[in-house]
Every structure is written in C-alpha cells, then in structure tokens.
Amino acid sequence: MLQETLKERSASAHQQLEKIVVAKLKSIRSQKDYAELLKLFYAYFKRLEQVIEPFITDEILPDRADRRHSGLLAKDIIHLGETTDDIPVPEVPEINNSVQALGALYVMEGSIMGGPIIVQMLEKYGITTGTSFFSGYGSETPIKWASFMESLNQNIIASAQQEVIEAAVDTFDRFAFFFNNH
Ligand code: HEM
C-alpha cells in the first residue's frame, strides 16, 4: 500500500530532518529563539505552498481550504512580537504536476505528527504561547491525516508511486538543508 511504502522510503529523510529540528529546539533559550525557528518553518512552508498551489485543486483535496497552512506560522511569529519581513527564500523541490505536489504536501501535512512532541519540548523551555501551528488540528489530527491519505491514495496510480516518493524525500532533504544553513 502506498501509505506504508511512502513512510518506509522516506523514513531516513524524516529521521535526518527530525534530528536537526530537535537540535534547534534544544538550543532555544527565549521566545525570540523560538520565533527564529518558526521563521524557518514559515519560509519553507510558504514557498512550498506557492509551488504546489497550481496542482492541488479542490477535486484532489476537497477540504484544502480548512487545512493548516503557513498563515498559522505567521500568526504565531507575530504573536511572539516578531515579523515575517526579511524571511530567507529557500530552495524547494521543483513541482511540475499533482503527483509531485501531493508528495510535498504529504511532508507538510505529516509534520503535524511531531507537533505534540514539539509543544511538550517547548513547554520544558518555558514557551507556552505562539504554538498554534504545532498544535495543529488538535483532537481532529487523526481524522485529518486519514482523509489526507485517502486523497493521496485516490489520486496516485500505481505507476506514479516512485514519483510521489521522490518528491516527498526531496521535500524532507531540502528542508533539512535549509535548516542546516540557517
Ligand atoms: C521534533 C521534530 C519531529 C518529531 C519529534 C517528529 C515525530 C514524528 C512522529 C512521532 C511521527 C509519527 C510516526 C508514526 O506514527 O509511526 C511522525 C510522522 C511524520 N512526520 Fe515527523 N517529527 C518531527 C518533525 C517533522 C517535520 C519537521 C516534518 C516535515 C516537515 C515531519 C514530517 C512527518 C511526516 C510526513 C510523518 C508521517 C509519516 C507517515 O505516517 O507516513 N516531521 N513524526
């Protein structure tokens, strides 16, 4: 099944990115440090949203308007007293069709799974506000994830599996690269 294959084949890219994000989280000493981390998420997610936008139609993902997006990150950054001006422009994967767009979206939607862990870590460093992005869909998370995976399954035919996996791995890798260089 696509879901298991995708998870399995992108696991090592996920692990690498997770390591980098955890290291950044551990170095947070203030709300400003946290805002800087949010800015990296914002820069990457915002740019990715722009490049996938032409390919993710309502037909492909009917509830796409209700899904969490970089607007929440901007809200959190502003809540912490910072701005989204002077955000670096990251290199994101080249997206040329809906299969690749879904691969990138898999990474963005899946990032919510680590959300509760990130919120817990932040609490340890005394940060309890500006966490709406990482809190994600709250109790709705499993339902949102299941319906996203259903859309993915419906829209990816067997012969396109490799392409969606490559797009997902590339999306993880470029995010890790961007994090490492900022
Ligand atoms: C502190 C950093 C992170 C932690 C601790 C973390 C942790 C997790 C955990 C516990 C899961 C659930 C695994 C399972 O159900 O078997 C998960 C899944 C996932 N995470 Fe992360 N994660 C982190 C960062 C990220 C980031 C930054 C992204 C993407 C931008 C991401 C993308 C994903 C995806 C796509 C999945 C779904 C895998 C699947 O079930 O197909 N994660 N993560």
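The structure reproduced in this document is the subject of the present report. (Residues numbered from 1 in each chain as written. Predicted model: local features only at pLDDT ≥ 70, side-chain atom pairs only at ≥ 80, totals over all residues. Heavy atoms only, no water.)

1. Here's the deal with the site of the ligand
Then, in step 1: Around the ligand sit 19 residues, and of these K7, H14, Y106, G110 and M113 come closest.
Then, in step 2: For the ligand, a nitrogen atom lies 2.9 Å from a polar atom in the side chain of H14.
Then, in step 3: Between Y106 and the ligand, the recorded distance is 2.5 Å, taken from a side-chain N or O atom to an oxygen atom.
Then, in step 4: At the level of secondary structure, the elements contributing two or more residues to the shell around the ligand comprise α1 (2-26), α4 (98-110), α5 (115-124) and α8 (161-180).
Then, in step 5: With 7 residues, the top contributor of residues to the shell around the ligand is α1.
Then, in step 6: Looking at the shell around the ligand residue by residue, the class counts come to 13 nonpolar, 4 polar and 2 charged. (Near = heavy atom within 4 Å. Polar contact = N/O pair within 3.5 Å; in protein donor to acceptor, adjacent residues only side chain to side chain. Helix = DSSP H or I, 4+ residues; strand = E, 2+ residues; numbered from the N terminus. Nonpolar A, V, L, I, M, F, W, Y, C, P; charged D, E, K, R; others polar.)

2. With respect to the packing of α1 against helix α7 (residues 141-155)
Then, in step 1: Taken N-terminus to C-terminus, the directions of α1 and α7 make an angle of 100 degrees; their axes are 10 Å apart at the nearest point. It follows from the interaxial angle that α1 and α7 lie roughly perpendicular. Facing α1, whose interface residues are L2, Q3 and L6, α7 presents W145, M149, L152 and N153.
Then, in step 2: Across the contact of α1 with α7, the residue classes break down as 5 nonpolar, 2 polar and no charged. (Axes fitted to C-alpha atoms, helices over the stretch in contact; angles between N-to-C directions. Parallel < 35°, antiparallel > 145°, perpendicular 65-115°, else oblique. Contact = heavy atoms within 4.5 Å.)

3. Side note on helix α3 (residues 70-79)
Then, in step 1: The set of residues buried in α3 consists of S70, L73, A74, D76 and I77. Projected onto a plane normal to the axis of α3, the buried residues spread over an arc of 160 degrees and lie on a single side. For α3, the exposed residues set more than 90 degrees away from the buried face come down to K75, I78 and H79.
Then, in step 2: Those residues of α3 that are buried are in contact with α2 (31-52) and α6 (132-135).
Then, in step 3: Where α3 ends, the next residue or the one after it, G81, has phi of about 85 degrees, a positive value. (Buried < 20%, exposed > 50% of the residue type's maximum accessible area, 1.4 Å probe, protein only. Arc of directions from axis to C-beta.)

4. Brief notes about the packing of aromatic side chains
Then, in step 1: A full pass over the atoms with the stated rule returns 13 aromatic pairs.
Then, in step 2: On the basis of an interplanar angle of 90 degrees and a centroid distance of 5.1 Å, the ring pair of F41 and F175 is categorised as edge-to-face. Separated by 134 residues along the polypeptide, F41 in helix α2 and F175 in helix α8 bring together distant segments of the chain.
Then, in step 3: On the basis of relative accessible area, F41 is assigned to the buried category, the value being 4%.
Then, in step 4: On the numbers, 6.0 Å between centres and 35 degrees between planes, the contact of W145 with F148 is tilted. Of this pair, W145 and F148 both sit in helix α7, 3 residues apart, roughly one helical turn. For the pair formed by W145 and F148, the shared burial category is buried. (Phe/Tyr/Trp six-rings, centres within 6.5 Å; stacked < 30°, edge-to-face > 60°.)

5. Side note on the layout of surface pockets
Then, in step 1: Each pocket or cavity is described by its volume, and for the largest pocket that value is around 680 Å³.
Then, in step 2: Lining of the largest pocket is provided by 26 residues; of these, H14, G110, S111, M113 and G114 occupy positions nearest its centre.
Then, in step 3: Contributing elements (two or more residues each) for the lining of the largest pocket: α1, α2, α4, α5, α7 and α8.
Then, in step 4: Per-element tally for the lining of the largest pocket: the top contributor is α1, with 10 residues.
Then, in step 5: Taken as a whole, the second largest pocket encloses approximately 310 Å³ of empty space. (1 Å grid on protein atoms, 1.4 Å probe; cavity = no way out; pocket = protein on both sides within 12 Å on 5 of 7 lines; lining within 4 Å. Points joined across faces, edges and corners; volume = space filled by probe spheres on them.)

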